[in-house]
Amino acid sequence: MVKPKIALYWCSSCGGCEESVLDLAERLLALLDAVDIVFWPVAFDWKTADIEKMRDGELDAVFVNGAVRTADQLDMVRLLRSKARILFAHGACAHLGGVYGLANFFSAKSVLQRSFREIPAIEDPAGPRQKQSGAPQQGAGCELPRFFDRVRPLDQVVPVDYFIPGCPPPSELVWKAVKGLLNGDLPKKGTVLAERQALCRFCKRKASMPERLAFDRFKRLHETTPDPDICFLAQGLVCLGPSTRGGCNSRCIDANMPCRGCFGPVGDVRDQGAKSLAFLASLSDRKDPDEIETLAESLPDPGGLFYRYSLPSSTCKSKAR
């Protein structure tokens, strides 16, 4: 029996999605028995040329994690898409743009300026910065790949068949995707392989979720010790469970941490940040402008809070100028 051929690739991400594959633990051995991994740069020393030699569609599946920020990432994603029958967007960055997508609040020039000229660790902030080009890297002394103006999730550059959400995805979801591939019982293309309903639907604290906010300001985590049995919203802490897709096994909630939205929007909602703002506004019965302002000012970084994982895939494309 010929084993399915699969590939894994890493764009702009932290590496947590690669860890989610290792988190398969003993199931990883079963995976290696069932498939032929023909490309996985983070683990094995295969080359781009090995993929280029393949026929179109020769790969049964590709798992790509990370957002697309540079020219070499775009070229590799397009190459892998042409060689694969099925492409999985693996993790929040590939799915929605992820934490890296918050850079879309700034220009590419200012991001590079901050990273390579302004941070305290830079010894020579006036020194030259490496040139960029769209050409492949050729070893020592090469130019850096071109740095795009915007961070983009995977489906904004190539067609994506399935989405595995999470930062990182639970290993159970990765295994579910692998089993669906091997058994030929994947759902319709375009499916996010998690729940359609909000995380609150599955939360053990849902009975204590408030109908109205009974406080004047939101607390930050360092200001309190949350009660492990009471809804975070009832305690004055922002939790994005009402606007975030379920299926994560409530990992953060069980660790007494509010949901921060890494599974993306529920159902057919496009803009997770707007949905989050809407549900918070619906809980507030404040009428006085000063009270409303006090409540709003207790959220010092609404962009980073509500669009932490989803800015590039939202309707909010850049910072207002």
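An account of the accompanying structure is given in this report.

Turning our attention to the overall build of the protein. A tally of helices and strands in the protein yields eleven helices and ten strands. C-alpha atoms of the protein, sized along the principal axes, occupy 65 × 55 × 30 Å. For the protein, the residues scored as buried account for 48% of the 321 residues in total. The long-range fraction of contacts in the protein, counting pairs at least 24 apart against all pairs at least 6 apart in sequence, stands at 74%. A total accessible area of about 16600 Å² is found for the protein, and carbon and sulfur atoms account for 53% of it. Across the protein, the 43 positively charged side chains and the 39 negatively charged ones have centroids separated by 4 Å.

Glancing now at unusual backbone geometry. In terms of backbone geometry, most residues other than glycine have negative phi values and most peptide bonds are trans. In this model, C167 is joined to P168 through a cis peptide bond whose omega is -10°. Structurally, P168 can be placed in the loop between β9 (162-164) and α7 (171-183). In the Ramachandran plot, N249 falls in the positive-phi region, its phi being about 65° despite a non-glycine side chain. With respect to the secondary-structure elements, N249 resides in the loop between β10 (191-192) and α8 (251-254). Residue N249 is classed as exposed on the basis of its relative accessible area of 51%. Although it is not a glycine, S250 adopts a positive phi angle of roughly 55°. Relative to the assigned elements, S250 resides in the loop between β10 and α8.

A few words on a negative patch on the surface. The grouping of D288, D290, E293 and E297 at the surface amounts to a negative patch. Residue placement: E297 occurs in helix α10 (residues 289-297). Residue E297 is classed as exposed on the basis of its relative accessible area, which comes to 55%.

Bringing the nonpolar core into the picture now. Ranked by size, the top nonpolar core spans 52 residues in total, and within it I6, F63, F88, F218, V238 and F306 carry the most contacts. Within the residue set of this core, elements represented by two or more residues are β1 (5-10), α2 (26-34), β3 (59-65), β5 (84-90), β9, α7, α9 (272-283) and α11 (302-306). Per element, the largest residue contribution to this core is six residues, and it comes from α7. Contact partners of F63, with chain neighbours within four places excluded, come to I6, A7, L8, Y9, F88, H90, I164, A177 and V178. Ranked by size, the runner-up nonpolar core spans 28 residues in total, among them A71, L74, A84 and A89.

This part covers empty space enclosed by the protein. To locate leftover empty space, one rolls a probe as large as a water molecule over the atoms. Enumeration according to the criterion identifies two cavities of 30 Å³ or more in this entry. Here the largest cavity is characterised by a volume of approximately 120 Å³. Every residue lining the largest cavity is counted, 13 residues in all, and those nearest its centre are C200, C203, R205, C231 and C239. Here the residues of the lining of the largest cavity are counted per class, giving ten nonpolar, one polar and two charged. In this model, the second largest cavity occupies a volume close to 60 Å³. Of all the secondary structure elements, the ones that give two or more residues to the lining of the second largest cavity are β1 and α7.

On to the pattern of salt bridges, then. Under the defined criterion, the tally for this structure stands at ten salt bridges. The shortest N-O distance in the salt bridge between K83 and D56 comes to 3.3 Å. Residue K83 is located in helix α4 (residues 71-83), and its partner D56 is located in the loop between α3 (48-52) and β3; the two are separated by 27 residues in the primary sequence. Through salt bridges with shared partners, a single network forms among K5, R55 and E58.

About the criteria used
Residues numbered from 1 in each chain as written. Predicted model: local features only at pLDDT ≥ 70, side-chain atom pairs only at ≥ 80, totals over all residues. Heavy atoms only, no water. Helix = DSSP H or I, 4+ residues; strand = E, 2+ residues; numbered from the N terminus. Buried < 20%, exposed > 50% of the residue type's maximum accessible area, 1.4 Å probe, protein only. Contact = heavy atoms within 4.5 Å. Areas by Shrake-Rupley, 256 points an atom, 1.4 Å probe, with all protein chains shown as cover. Lys, Arg positive; Asp, Glu negative; His and termini not counted. Charge placed at Lys NZ, Arg CZ, Asp CG, Glu CD. Patch = residues over 30% accessible without salt bridge, like charges linked within 9 Å, V, L, I, M, F, W, Y side chains within 5 Å. Salt bridge = Lys/Arg side-chain N within 4 Å of Asp/Glu carboxyl O. Core = buried A, V, L, I, M, F, W, Y, C linked by side-chain atoms within 4.5 Å. 1 Å grid on protein atoms, 1.4 Å probe; cavity = no way out; pocket = protein on both sides within 12 Å on 5 of 7 lines; lining within 4 Å. Points joined across faces, edges and corners; volume = space filled by probe spheres on them. Nonpolar A, V, L, I, M, F, W, Y, C, P; charged D, E, K, R; others polar.

Nothing here speaks to function; it is geometry throughout.
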